[in-house]
Amino acid sequence: VKEEITADAVSLCIQGSGEPMLQNVVIFDIYRGKGVEEGSKSVALSLHLQNDLQTLTDAEIDAIVSRILARLTNQIHAKLRD
């Protein structure tokens with residue numbers, strides 16, 4: 001994300017996604033340096049997903065993460081780091 005976007009803003013954007021399986025978002029690292037575009041930073045997050053009725057499948061998890069990534073891209077112009 002661009003430097004002016006706070007890590008909290010990234011977390012709030014995810015929390016506002018309305019994903020019912022999303023229980024918690026934890027920021028565990030912010031990196032600036034080699035491999036990150038100048039004027040940007042990398043924000044590493046852990047997403048805690050849970051379904052109380054059944055185990056989530058890989059396909060369900062992938063779909064949730066894809067929707068969250070699309071929201072981050074559309075709302076704060078974030079992109080997944082290679």
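Further up the page is the structure itself.
What comes next is a walk through the structure.

### A word on the overall build of the protein
Turning to step 1, where the next piece is worked out: Helices and strands together make up the secondary structure of the protein, namely two helices and two strands.
Turning to step 2, where the next piece is worked out: Ordered by position from the N terminus, the helices and strands of the protein form the series α-β-β-α.
Turning to step 3, where the next piece is worked out: Across its three principal directions, the C-alpha atoms of the protein cover 45 × 20 × 20 Å.
Turning to step 4, where the next piece is worked out: Here the protein holds 82 residues, and the buried ones make up 27% of them.
Turning to step 5, where the next piece is worked out: At a minimum sequence separation of 6, the contacts of the protein that also span at least 24 residues come to 55%.
Turning to step 6, where the next piece is worked out: As displayed, the protein offers around 5,700 Å² of accessible surface, 51% of which is attributable to carbon and sulfur atoms.

### Some points on unusual backbone geometry
Turning to step 1, where the next piece is worked out: For His 77, which is not glycine, the phi dihedral falls at a positive 60°.
Turning to step 2, where the next piece is worked out: Tracing the backbone shows His 77 in the segment after α2 (58-76).

### Concerning the nonpolar core
Soluble, globular proteins show a tendency: their nonpolar side chains are buried together.
Turning to step 1, where the next piece is worked out: Counting residues in hydrophobic clusters, the biggest one holds 14 residues, and the most contacted among them are Val 1, Val 10, Ile 14, Leu 72 and Ile 76.
Turning to step 2, where the next piece is worked out: Of all the elements in the fold, those that place two or more residues in this core are α1 (7-15), β1 (22-31) and α2.
Turning to step 3, where the next piece is worked out: Those residues in contact with Ile 14, other than ones at most four positions away along the chain, are Leu 22, Val 25, Leu 45, Leu 47, Ile 68 and Leu 72.

Cut-offs applied
Residues numbered from 1 in each chain as written. Predicted model: local features only at pLDDT ≥ 70, side-chain atom pairs only at ≥ 80, totals over all residues. Heavy atoms only, no water. Helix = DSSP H or I, 4+ residues; strand = E, 2+ residues; numbered from the N terminus. Buried < 20%, exposed > 50% of the residue type's maximum accessible area, 1.4 Å probe, protein only. Contact = heavy atoms within 4.5 Å. Areas by Shrake-Rupley, 256 points an atom, 1.4 Å probe, with all protein chains shown as cover. Core = buried A, V, L, I, M, F, W, Y, C linked by side-chain atoms within 4.5 Å.

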